[in-house]
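Coordinates in review
Next come the chains, spelled out residue by residue.
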Amino acid sequence: MDCIFCKINNGEIPSEKVYEDNDVFIIRDIDPKADKHYLMIPKRHYKLISEMTEEDGAALMRGLKKIPGLADQLGLKNGYRLVINQGDDAGQSVFHLHVHILGGQALDFPDLRKK
Ligand code: DGP
């Protein structure tokens, strides 16, 4: 399958997994938007929330619930933000669902409306 994240998962593209279990893995984002910027990526390939099965939802939730226990080692102990970009308006660029994990600094929460 021609998917960057599947290729990272199976080792075809090298990228250090900072966490991995049966459901998900976490890598550092190649183009960080905060001092700490990781991606939590489900191992099963699907593009969008609309494609998720019940088991995909359960697997992702199991992954998300690991984050508090990893926060210290990932440099996120003061908090973090989770972002899932979906579709063109959100600028989704990799069509394998993933959760951005942003932190390591105080994060602005800007008004994104065009004035
Ligand atoms: P999104 O725009 O929400 O689809 O986010 C995709 C993110 O994936 C983007 O922030 C950059 C990151 N990314 C793309 N290719 C690679 C890669 O080969 N390695 C890593 N570590 N991150 C990547």
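Our structure's up above, just so we're on the same page.
The paragraphs below set out a description of the structure included in this document. (Residues numbered from 1 in each chain as written. Predicted model: local features only at pLDDT ≥ 70, side-chain atom pairs only at ≥ 80, totals over all residues. Heavy atoms only, no water.)

1. Quick notes on the site of the ligand
Close to the ligand lie 16 residues, the nearest being Arg-28, Asp-29, Asn-85, Ser-93 and His-100. A distance of 3.3 Å is found between a nitrogen atom of the ligand and a backbone nitrogen or oxygen belonging to Ile-30. Relative to its unbound accessible surface of 510 Å², the ligand loses 84% to contact with the protein. Where the shell around the ligand is concerned, the elements lending two or more residues are α1 (4–9) and β2 (24–28). The element contributing the most residues to the shell around the ligand is α1, with three residues. When the residues that make up the shell around the ligand are grouped by side-chain class, the tally is seven nonpolar, seven polar and two charged. (Near = heavy atom within 4 Å. Polar contact = N/O pair within 3.5 Å; in protein donor to acceptor, adjacent residues only side chain to side chain. Areas by Shrake-Rupley, 256 points an atom, 1.4 Å probe, with all protein chains shown as cover. Helix = DSSP H or I, 4+ residues; strand = E, 2+ residues; numbered from the N terminus. Nonpolar A, V, L, I, M, F, W, Y, C, P; charged D, E, K, R; others polar.)

2. Notes on the pattern of salt bridges
Evaluation of the coordinates by the stated rule reveals 11 salt bridges. For Asp-21, the salt bridge identified is with Lys-66, shortest N-O distance 3.0 Å. Of this pair, Asp-21 sits in the loop between β1 (17–20) and β2 while Lys-66 sits in the loop between α2 (54–64) and α3 (67–70), and the two are 45 residues apart along the sequence. Looking at Asp-21, the relative accessible area reads 14%, which means it is buried. In this structure, Asp-23 and Arg-62 form a salt bridge, with 2.9 Å as the shortest nitrogen-oxygen distance. Of this pair, Asp-23 sits in the loop between β1 and β2 while Arg-62 sits in helix α2; the two residues are 39 residues apart in sequence, bridging distant segments of the chain. Taking the relative accessible area as the measure of exposure, Arg-62 reaches 37% and is therefore partly exposed. Three or more residues are tied together by salt bridges with common partners; here these are Lys-17, Glu-20 and Lys-43. (Salt bridge = Lys/Arg side-chain N within 4 Å of Asp/Glu carboxyl O. Buried < 20%, exposed > 50% of the residue type's maximum accessible area, 1.4 Å probe, protein only.)

3. What about the pairing of strand β3 (residues 36–42)?
Judged by how many residues are buried, β3 sits mostly within the fold: six of seven residues are covered. Bridge count for β2 against β3 is five bridges, and the pairing is antiparallel. Bridging across to β3, Ile-26 finds its partner in Met-40. Examined bridge by bridge, β3 and strand β5 (residues 99–103) share five bridges and lie antiparallel to one another. Paired with Met-40 across the strands is Val-99, a residue of β5. (Pairing = 2+ DSSP bridges.)

4. Digging into α2
Along α2, the residues that are buried comprise Asp-56, Ala-59, Leu-60 and Gly-63. Taken end-on, α2 shows its buried residues confined to a sector of 95°, consistent with a single buried face. (Arc of directions from axis to C-beta.)

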